[in-house]
Amino acid sequence: MRAFSYEKVKNPAGAAARAAEVANAKFVAGGTNLLDLMKLEIETPLHLIDVNGLGLDRIEGTDDGGLRIGTLVRNTALAADERVKRDYPVLTRALMAGASGQLRNKATTGGNLLQRTRCPYFYDTAMACNKRKPGSGCAAQAPGAFSRQLGVVGVSEACIATHPSDMAVAMRALDAVVETVMPEGETRAIPLADFHLLPGHTPEVETALKPGELITAVTLPAPVGGHQSYTKVRDRSSYAFALVSVALIRQPDGSGAVALGGVAPKPWRNAAADKLLPEGAKAVMAELMKDARPTEQNRYKIKLAERTLASALNEAKG
Amino acid sequence: MMPKTPLSFTLNGSETALFVDPGANLLDTLRRGAGDLTPKLGCAQGTCGACTVLIDGEPHLSCLTLAETVEGRDIATTGGLADGPDLHPLQQAFMEGFAAQCGFCTAGMLMAAKALLDRRPNPSRDEVIEAIGGNLCRCTGYEPIVDAILTAAARMQGRSA
Ligand SMILES: Cc1cc2nc3c(=O)[nH]c(=O)nc-3n(C[C@H](O)[C@H](O)[C@H](O)COP(=O)(O)OP(=O)(O)OC[C@H]3O[C@@H](n4cnc5c(N)ncnc54)[C@H](O)[C@@H]3O)c2cc1C
Ligand code: SF4
Ligand code: FES
Ligand code: FES
């Protein structure tokens, strides 16, 4: 690991200002993703700004009947919150399907959204990877590469990595909004739909965040009710990243929302697909996958996603 | 060279003060700095759970914890489980039930189990499985570990398992 310096900060705007002013600085929250990547020298910040003292660890109601989740709320605490369990059960289910107890005790809301891909070639610093080293190529798309875990839709010639978060998929189905503060002190609200960027020619640019911009909270709109489920398909039954996951909110009249994980560089949802929900899984998936660009090895994910949604819909009608 | 930082915390009930390099992780600090060799280094990347310690009673992976973040906090490791010559009921049940073979995962398993029993003295089998879901064991096949944790829970409640 490269040497770095470390500081604790006391207020959010100050944290953002420090991050903009110190060269090559990064925030650290739970550290469960960043420290791992630093040990492998995939991330090499010279300075860490510890945001744990910022007091952004509360979950509180918003004026419009929704919930504001401070960025430092741990995944364990968020999953266990009574309001979340009652009003946003898809979120509790997604959180509990992710990582392990020890990791969820550390992992934070903002850190979870910003965790980086699990593409094996991103992790292997001897391999070409446009995301890790722009312009070096994409080893995952070389002939015979191991791509069965990687993305099928929203991907590009430059990169086919997926975003690995479970939490973000549920939040996308719930129309979450990310709140931030900039180094100059202004705040802004970014719909989660626009927060993660597709790779295009620049897979190293992953989010709409500006240099130094700090996530302060994620807000959820007022509860929408309905039957909510999170179905995660993985190679073993616990403690593994999703091959495919489906966050489903289904209303008694058949309308609702579907977001997919494990298939794209961001939680994958669109309004046209949601409208097709009453017609069933096949129609929804045809819309969600219409621009799919799978590899030979990961083509199975398209069928798997359709079947996973079909089974979730069956249960919801149950 | 960046200067070392002073750090103090409670380790198994004793005040501990030492100097750490910037960026040191808690696992190294416990093993090399404090001389507590009970937490183990398995993967160093959050996958195996062998380095599990309790921070203020909650299980955490010490390999992914920056030492500087535990200033003033309470750390518990397997090194503090036994009371003198008397093993903790979890250790006793692990020993009797052959819940350790090579033993590499054991310290992490014990701490994950201790956190569970502190929170839920009468866990169900599924709750035990969930609690050790982040701890990998390549030897036992897990069943003896789950049995040992349930046995220890029963004994600590004065029930027979
Ligand atoms: C073995 C293992 C298995 C896992 N399995 C799963 C799984 O099944 N499903 C799943 O969803 N996740 C899984 N995870 C990932 C885990 O959920 C993430 O590592 C965690 O959520 C990251 O949160 P953190 O607070 O530790 O982030 P950190 O590591 O502290 O930070 C991650 C990134 O976010 C940035 N950051 C943090 N907070 C802020 C902020 N407020 N503003 C701006 N930037 C910020 C940091 O600079 C860094 O770049 C797994 C991880 C491991 C190690
Ligand atoms: S898929 Fe993306 S992350 Fe993986 S090797 Fe290619 S460029 Fe890198
Ligand atoms: S050594 Fe920490 S999880 Fe493996
Ligand atoms: S006893 Fe050997 S890894 Fe568990």
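The structure presented is a predicted model; accordingly, all values stated were derived computationally and were not measured.

With respect to the side chain of Arg 269 of chain A
Residues and elements named next belong to chain A. Within the element layout of this structure, Arg 269 appears in the loop between strand S11 (256-261) and helix H11 (271-275). Owing to a relative accessible area of 16%, Arg 269 belongs among the buried residues under this scheme. Only 2.9 Å separates the side chain of Arg 269 from the backbone oxygen of Arg 172, close enough to count as a polar contact. For Arg 269, the side chain forms a polar contact with the side chain of Asp 175, separated by 3.0 Å. Every residue in contact with Arg 269, bar those within four places of it in the chain, is listed here: Arg 172, Ala 173, Asp 175, Ala 257, Val 258, Ala 259, Asp 274 and Leu 288.

Regarding the site of ligand 2
All names here are of chain A. In the region of ligand 2, 14 residues are neighbours, and Cys 119, Cys 129, Cys 138, Cys 159 and Ile 160 sit closest. The site holding ligand 2 turns out to be the largest cavity. Taken together, the residues of the shell around ligand 2 sort by class into 12 nonpolar, 1 polar and 1 charged.

Structural notes on the confidence of the model for chain B
Model confidence for chain B is summarised by a mean pLDDT of 95, while 98% of its residues fall at 70 or above. Two summary scores accompany this predicted model of the complex, namely pTM at 0.94 and ipTM at 0.86.

Comments concerning the pairing of strand S3 (residues 47-50) of chain A
Residues and elements named next belong to chain A. Where burial is concerned, the two faces of S3 agree: the one with His 47 and Ile 49 and the one with Leu 48 and Asp 50 are both buried. Bridge count for strand S2 (residues 25-28) against S3 is 4 bridges, and the pairing is parallel. The residue bridging Ala 25 from the neighbouring strand is His 47, located in S3. Regarding topology, helix H2 (residues 34-39) serves as the crossover connection from S2 to the parallel S3, and that connection is right-handed.

Description of the packing of aromatic side chains
Residues and elements named next belong to chain A. Within this structure, the stated rule accounts for 1 aromatic pair over all chains. Ring centres 6.0 Å apart and planes at 75 degrees place the aromatic pair Phe 122 and Tyr 123 in the edge-to-face group. Grouping residues by exposure puts Phe 122 and Tyr 123 together as buried.

What about the site of ligand 1?
Residues and elements named next belong to chain A. Within the structure, ligand 1 sits among 33 residues, and Phe 27, Gly 31, Thr 32, Thr 108 and Asp 166 are positioned closest to it. Between an oxygen atom of ligand 1 and a main-chain N or O atom of Ala 99, the distance comes to 3.0 Å. The side chain of Gln 115 places a nitrogen or oxygen atom 3.4 Å from a nitrogen atom of ligand 1. Summarising the interface, the protein chains cover 96% of the accessible area of ligand 1, which totals 980 Å² for the free molecule. At the level of elements, S2, helix H7 (109-114) and strand S8 (214-220) are the ones that each hand at least two residues to the shell around ligand 1. Among the residues forming the shell around ligand 1, the class breakdown is 14 nonpolar, 14 polar and 5 charged.

Description of the sheet that holds strand S7 (residues 187-191) of chain A
Residue and element names in this part refer to chain A. One open sheet accounts for 5 strands, arranged S4-S5-S8-S6-S7; its pairing is antiparallel. Looking along the sheet, the strands with just one partner apiece sit at the ends: strand S4 (59-61) and S7. Averaged over all adjacent pairs, the angle separating strand axes in this sheet is 25 degrees, with direction ignored. Two elements, strand S6 (residues 177-181) and S8, share 5 bridges in a ladder whose sense is antiparallel. Paired with Thr 180 across the bridge in S8 is Ile 215. Packed on one face of the sheet, helix H1 (residues 12-21) meets S6 and S8 and runs near 130 degrees to S8.

Digging into the interface of chain B and chain A
Taken residue by residue, the interface counts 28 residues in chain B and 23 residues in chain A. Summing the contributions of chain B and of chain A, the shared interface buries around 2,000 Å²; its carbon and sulfur component is 55%. Broken down residue by residue, the surface that chain B buries against chain A is led by Met 2, Leu 64 and Leu 66 of chain B, which jointly contribute 27%. With a closest N to O distance of 2.7 Å, Arg 104 of chain A and Glu 130 of chain B form a salt bridge. At the boundary of chain B with chain A, the tally comes to 11 residue pairs in polar contact (both at pLDDT 80 or more). Among the elements that line the side of chain B that touches chain A, the one with the most residues is strand S4 (residues 58-61) of chain B, at 4 residues. Residues that form the side of chain B that touches chain A fall into these classes: 12 nonpolar, 12 polar and 4 charged.

What counts, and where the lines are drawn
- Residues numbered from 1 in each chain as written.
- Chains lettered and ligands numbered in written order.
- Predicted model: local features only at pLDDT ≥ 70, side-chain atom pairs only at ≥ 80, totals over all residues.
- Heavy atoms only, no water.
- Helix = DSSP H or I, 4+ residues; strand = E, 2+ residues; numbered from the N terminus.
- Buried < 20%, exposed > 50% of the residue type's maximum accessible area, 1.4 Å probe, protein only.
- Polar contact = N/O pair within 3.5 Å; in protein donor to acceptor, adjacent residues only side chain to side chain.
- Contact = heavy atoms within 4.5 Å.
- Near = heavy atom within 4 Å.
- 1 Å grid on protein atoms, 1.4 Å probe; cavity = no way out; pocket = protein on both sides within 12 Å on 5 of 7 lines; lining within 4 Å.
- Sits in = over half its atoms within 2 Å of the grid points.
- Nonpolar A, V, L, I, M, F, W, Y, C, P; charged D, E, K, R; others polar.
- pLDDT = per-residue confidence, 0-100.
- Pairing = 2+ DSSP bridges.
- Right-handed = clockwise from strand over helix to strand, strands pointing away.
- Phe/Tyr/Trp six-rings, centres within 6.5 Å; stacked < 30°, edge-to-face > 60°.
- Areas by Shrake-Rupley, 256 points an atom, 1.4 Å probe, with all protein chains shown as cover.
- Axes fitted to C-alpha atoms, helices over the stretch in contact; angles between N-to-C directions.
- Buried area = accessible area lost by both parts, 1.4 Å probe.
- Salt bridge = Lys/Arg side-chain N within 4 Å of Asp/Glu carboxyl O.

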